[in-house]
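Secondary and tertiary structure notes
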Amino acid sequence: MKAYTFGVIIFLVLMISACHRKASIISERKPVPKQVITITGPPKFQPDSMVYHLGLIRTGEVKSMEIGFVNGGGEALEIKLVSACECTKVDWPVLPIPSGERRTLKISYDSREKSGPQIVDLDIITNAAQEHTFIKLLLEVSHEVSKY
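Below is a summary of the structure that appears in this document. (Residues numbered from 1 in each chain as written. Predicted model: local features only at pLDDT ≥ 70, side-chain atom pairs only at ≥ 80, totals over all residues. Heavy atoms only, no water.)

We now examine the overall build of the chain. Per the secondary structure count, the chain includes one helix and eight strands. Going from N to C terminus, the chain has its helices and strands arranged as α-β-β-β-β-β-β-β-β. Looking at the chain as a whole, 28% of its 148 residues qualify as buried. For the chain, contacts bridging at least 24 residues in sequence account for 67% of all contacts bridging at least 6. Carbon and sulfur atoms make up 59% of the accessible area of the chain, which totals about 10,800 Å². (Helix = DSSP H or I, 4+ residues; strand = E, 2+ residues; numbered from the N terminus. Buried < 20%, exposed > 50% of the residue type's maximum accessible area, 1.4 Å probe, protein only. Contact = heavy atoms within 4.5 Å. Areas by Shrake-Rupley, 256 points an atom, 1.4 Å probe, with all protein chains shown as cover.)

Moving on, we come to the sheet that holds strand E3 (residues 62-71). The four strands are arranged E1-E3-E6-E5 in an open sheet whose pairing can be described as antiparallel. The open sheet terminates on both sides in strands that have one partner only, identified here as strand E1 (45-47) and strand E5 (88-91). On average, adjacent strands in this sheet sit at an angle of 30° to one another, irrespective of strand direction. Relative to strand E6 (residues 102-110), E5 runs antiparallel, the two being bridged by four bridges. By the bridge assignment for E6, Val 90 is matched with Ile 107. (Pairing = 2+ DSSP bridges. Axes fitted to C-alpha atoms, helices over the stretch in contact; angles between N-to-C directions.)

Turning to the nonpolar core, a few remarks are in order. Ranked by internal contacts, the top residues of the largest apolar core, which has 24 residues, are Ile 67, Leu 105 and Leu 137. For this core, the secondary structure elements donating two or more residues are strand E2 (51-58), E3, strand E4 (79-83), E6, strand E7 (116-126) and strand E8 (132-142). The element best represented in this core is E8, accounting for four residues. In contact with Leu 137, not counting residues within four places along its chain, are Tyr 52, Leu 54, Met 65, Ile 67, Ile 107, Gln 118, Ile 119, Val 120 and Leu 122. (Core = buried A, V, L, I, M, F, W, Y, C linked by side-chain atoms within 4.5 Å.)

Let us look at the sheet that holds E4. Pairing in this open sheet of four strands is mixed, and the strands run E2-E8-E7-E4 from one edge to the other. The strands lining the two open edges of the sheet, one partner per strand, are E2 and E4. With strand direction ignored, the average angle separating the axes of adjacent strands in the sheet is 20°. Pairing between E4 and E7: four bridges, direction antiparallel. By the bridge assignment, Val 82 is partnered in E7 with Ile 124.

In this fold, Val 94 is placed in the loop between E5 and E6. Taking the C-alpha atoms as reference points, Val 94 and Ile 79, 15 residues apart in sequence, are found 6.7 Å from one another.

Under the counting rule described, the total for this entry stands at six salt bridges. Note that Arg 103 is salt-bridged to Glu 101, the shortest N-O span being 3.3 Å. (Salt bridge = Lys/Arg side-chain N within 4 Å of Asp/Glu carboxyl O.)

Let us now look at the pairing of E8. As paired strands, E2 and E8 are joined by seven bridges and run parallel to one another. Directly across from Tyr 52, in E8, lies its bridge partner Leu 137. Note: E7 against E8, 10 bridges, orientation antiparallel. Pairing of Ile 125 across the sheet is with His 132, part of E8.

Glancing now at unusual backbone geometry. Not every positive phi belongs to a glycine, and Glu 113 is a case in point at roughly 60°. Looking at the secondary structure, you find Glu 113 in the loop between E6 and E7.

Below, the structure written as structure tokens:
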């Protein structure tokens, strides 16, 4: 019995010592500095997608959505103009967008007097090296939309 008790005490002493040593090693670790990535070069308009499927909507319905994008270049991005068909309204940021910043285009499509498959082309003109970016909106307009 004495040998068993002595063995348990030795085991506990070793465990406490090991835990204390591990804690001191952890406390001695220095934090790893964050890596800073510097983006260089001209501004770059990078949308989340080049094609958006808006699905099936009823004639006369107004479909709204936002298209996200990032300035992937090193200089400020300026959106000069966004054009689309007469049935589509677009609101875009008018102030320069800093490098790495995320913004959205607010889109509103009016399906009044429309029917069948529709393709809406957005032409985004910026100060980026590739001045024109084209995004497509695909949808179908129907007089009757099923609830199912």
